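Inside the fold
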Amino acid sequence: MRQYGWVVLGLVVFVGAGCRGLAVQTQSKVFLHSSPVEDRGPLAEMPVQLPWSESPQKIALIDVDGLLVNSPIAGLGNVGENPVAVFREKLDRVEADPCFRAVVLRINSPGGGVTASDIMWRDLRTMKARRRIPVVACLMDLATGGAYYLATAADQIIAHPTTITGGMGVILNLYNLRDAMMQFNILAVPIKAGQYTDLGTPIRELDDQGRALLQQLADQYHARFREVVRICRPQHDPARQEDFDGRVFLAQQALDRGLIDGIGYLDDAIALARQLAKTPQAKLVVLHRRHDPARSVYATTPIQPIQTNLFPLSVPGFDRSQLPTFLYIWQPEPTLERRATGR
């Protein structure tokens with residue numbers, strides 16, 4: 001697809017205390033060539049741990065990085081991939097190859113959409129049940145919200161000493177922009193059928209009944225999170241309700257609460273996977289796109305949109321995500337959704 005547009009560049013030079021200046025303005029026509037779909041090729045396997053093993057047995061290292069959303073992480077100059085789809089593709093590859101004897105799930109994510117997190121959790125449990133192979137989750141810098149939700153599907157959870165985890169809450173970001181719109185003489189005139197068809201709209205204040213309806217949804221999603229932890233983490237005391245108020249924990253706190261099984265590094269998680277699979281000679285391979293570099297155990301699939309770095313300024317409310325959704329996420333910064341998805 002070929003697109004073009006006019007770009008106006010302005011330059012103002014100020015001289016002296018009187019702020020006299022010279023203004024220069026140029027206009028250029030730029031062309032962009034883009035495609036709505038980019039074929040980055042099939043998955044490849046790259047051995048990433050020395051010494052190389054000649055054994056046909058393999059341990060799959062699957063990375064889960066960034067925001068968990070069921071949509072392509074796209075941006076200017078970067079079509080990106082759907083994290084949910086890529087995750088399922090990697091699981092299917094493991095399930096189809098009998099030489100894979102275990103999985104190490106390397107997680108570095110603040111969480112993401114409720115449904116996206118749940119789909120990935122269910123797919124991992126399904127693959128594990130079909131293949132009957134051990135899965136070890138290794139939590140890196142961050143594994144909160146939906147990322148921890150996903151980790152509970154593993155047989156063992158190992159966290160780095162400095163990992164931040166927990167964040168077991170639900171959030172839906174809404175903004176009231178009525179007064180801000182009035183500053184620009186913008187008046188919304190919606191025509192609708194159905195009182196709540198625009199529930200959560202930024203053009204007016206959320207009334208008590210509308211807030212109650214959305215709160216009910218949030219409470220139901222929260223109850224589902226608690227049930228997942230109850231089923232998958234019997235080590236956790238369900239009476240500790242404060243663990244589900246969205247707070248985050250360091251690794252030792254998470255271990256004391258039964259939210260993880262041990263503290264260590266990625267190498268320890270890999271060694272544990274070999275031990276559980278009873279395959280000490282199995283080689284470790286990263287599943288990645290052929291054009292993505294994967295030369296160490298820390299290699300990631302690049303999904304961060306370029307435009308995030310080009311246009312870092314973001315205003316909550318004005319710069320909203322195109323798809324409002326409930327999130328299992330630790331989100332101290334309300335524009336994280338936009339920055340991570342490039343929208």
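Since the model is a prediction, treat every value here as computed from it, not as a measurement.

Along its length, the protein carries 9 helices and 13 strands. Looking at the 343 residues of the protein, the share that counts as buried comes to 45%. Counting contacts in the protein only where the partners sit at least 6 residues apart, residues at least 24 apart contribute 74% of the total. Per element, the accessible surface of the protein, about 18,600 Å² overall, is 55% carbon and sulfur.

This model, assessed by the stated rule, comprises 21 salt bridges. The salt bridge partner of Asp 261 is Arg 233, with a shortest N-O separation of 2.9 Å. Taken together, the residues Asp 261 in the loop between helix H6 (251–256) and strand E11 (262–263) and Arg 233 in the loop between helix H5 (208–232) and strand E10 (248–250) connect sequence positions 28 residues apart. With a relative accessible area of 2%, Arg 233 lands in the buried category. Asp 243 serves as the salt-bridge partner of Arg 240, at 3.3 Å between the closest nitrogen and oxygen. Taking the relative accessible area as the measure of exposure, Arg 240 reaches 28% and is therefore partly exposed.

Even without a glycine there, the phi angle at Arg 132 is positive, about 55°. Relative to the helices and strands, Arg 132 resides in the loop between helix H2 (114–131) and strand E7 (135–144). One non-glycine residue, Lys 278, lies in positive phi territory at about 55°. In this fold, Lys 278 is placed in the loop between helix H7 (266–277) and strand E12 (283–289). Look at Lys 278 and you get exposed, because its relative accessible area is 74%.

The next point concerns the confidence of the model for the protein. When the pLDDT values of the protein are averaged, the result is 81; 75% of them are 70 or greater. Predicted confidence for residues 1–22 stays below pLDDT 50, and this span has 42 contacts to residues more than four positions away or in other chains. Throughout residues 339–343 the model reports pLDDT below 50, and contacts reaching past four residues in sequence, or to other chains, amount to 22 contacts.

Attention shifts here to the nonpolar core. Of all hydrophobic cores here, the largest spans 49 residues; its most connected members are Phe 87, Val 94, Leu 105, Ile 107 and Leu 124. What Leu 124 contacts, discounting residues up to four positions off in sequence, is Phe 87, Leu 91, Leu 105, Val 135, Leu 150, Ala 153 and Ala 154. Among the nonpolar cores identified, the runner-up in size contains 21 residues, and Ala 273, Ala 282, Val 286 and Val 297 belong to it.

On to the pairing of strand E8 (residues 156–159). When E7 meets E8, the two strands line up parallel, connected through 4 bridges. When the bridges of E8 are listed, Val 136 appears paired with Gln 156. Assessed by its sense of winding, the connection that carries the chain from E7 through helix H3 (residues 146–151) to E8 is right-handed. Across 2 bridges, E8 lies against E11 in parallel orientation. For Ile 158, the partnering residue across the bridge sits in E11 and is Gly 262.

Before going further, it helps to examine the packing of H2 against H5. Between H2 and H5, the least distance of the axes is 12 Å, while the angle of their chain directions is 20°. By the angle class used here, H2 and H5 are roughly parallel. By crossing handedness, the relation of H2 to H5 is classed as left-handed. Seen from H2, the contacting residues are Val 114, Asp 118, Trp 121 and Arg 125; seen from H5, they are Tyr 221, Arg 224, Val 228 and Cys 232. In terms of residue class, the contact of H2 with H5 is made up of 5 nonpolar, no polar and 3 charged.

If you walk through the whole model with that rule in mind, you get 5 aromatic pairs. Ring centres of Trp 121 and Tyr 149 lie 5.7 Å apart, and the angle between their planes is 65°; on these two criteria the pair is classed as edge-to-face. Residue Trp 121 is found in helix H2, and its partner Tyr 149 is found in helix H3; the two are separated by 28 residues along the sequence. Across the pair, exposure class does not vary: Trp 121 and Tyr 149 are buried alike. Both rings, one in Phe 225 and one in Tyr 328, keep their centres 4.8 Å apart while their planes meet at 65°; by these two values the pair is edge-to-face. Separated by 103 residues along the polypeptide, Phe 225 in helix H5 and Tyr 328 in strand E13 (residues 327–329) bring together distant segments of the chain.

Where helix H1 (residues 83–96) meets H2, the axes come as close as 10 Å, and the angle between the chain directions of the two elements is 0°. Here H2 runs roughly parallel to H1, going by the angle between their axes. Between H1 and H2, the residues in contact are Pro 83, Val 84, Phe 87, Arg 88, Leu 91, Val 94 and Glu 95 and Ala 116, Ile 119, Met 120, Arg 122, Asp 123, Leu 124, Met 127, Arg 130 and Arg 131, respectively. Taken together, the residues of the contact of H1 with H2 break down into 10 nonpolar, no polar and 6 charged.

Analysis parameters
- Residue positions within a chain follow its written sequence, with the count starting from 1.
- The model is predicted, so local features are restricted to residues of pLDDT at least 70 and side-chain atom pairs to those at 80 or more, both for listing and for counting; the totals for chains, interfaces and linings are taken over all residues.
- With hydrogens and water set aside, each side-chain value is computed from the structure's full complement of heavy atoms.
- Under the scheme used here, helices are H or I runs from DSSP no shorter than 4 residues and strands are E runs no shorter than 2 residues, and both carry numbers assigned from the N terminus.
- Only protein chains enter the accessibility calculation, which uses a 1.4 Å probe. A residue is then buried if its area is under 20% of the maximum for its type, exposed if over 50%, and partly exposed in between.
- Residues count as neighbours in contact if any of their non-hydrogen atoms are within 4.5 Å of one another.
- Here the open area of atoms and residues is found with the Shrake-Rupley method and a 1.4 Å probe, where only the protein chains shown may cover a residue.
- By salt bridge we mean one thing: a side-chain nitrogen of Lys or Arg within 4 Å of a carboxyl oxygen of Asp or Glu.
- The quantity called pLDDT is the predictor's confidence in a given residue, expressed from 0 to 100.
- In this description, a nonpolar core means a group of buried Ala, Val, Leu, Ile, Met, Phe, Trp, Tyr and Cys residues linked to one another through side-chain atoms lying within 4.5 Å.
- When DSSP locates at least two bridges between a pair of strands, those strands are taken to pair.
- Think of it like this: strands point away, you trace from the first strand over the helix to the second, and a clockwise trace means the crossover is right-handed.
- Axis angles are defined between N-to-C directions and span 0 to 180 degrees, where every axis is a line fitted to C-alpha atoms and, for a helix, only to the segment in contact.
- Throughout, the term roughly parallel applies to angles under 35 degrees, roughly antiparallel to angles over 145, roughly perpendicular to angles from 65 to 115, and oblique to all others.
- Handedness of a crossing follows from how the near helix is turned relative to the far one, being left-handed for an anticlockwise turn of less than a right angle and right-handed for a clockwise one.
- In this count, Pro and Cys sit with the nonpolar residues alongside Ala, Val, Leu, Ile, Met, Phe, Trp and Tyr, while Asp, Glu, Lys and Arg are called charged and the others, Gly among them, polar.
- Between rings of Phe, Tyr and Trp, where Trp is taken as its six-membered ring, a pair exists when centres lie within 6.5 Å; planes separated by under 30 degrees are stacked, by over 60 edge-to-face, and by other angles tilted.

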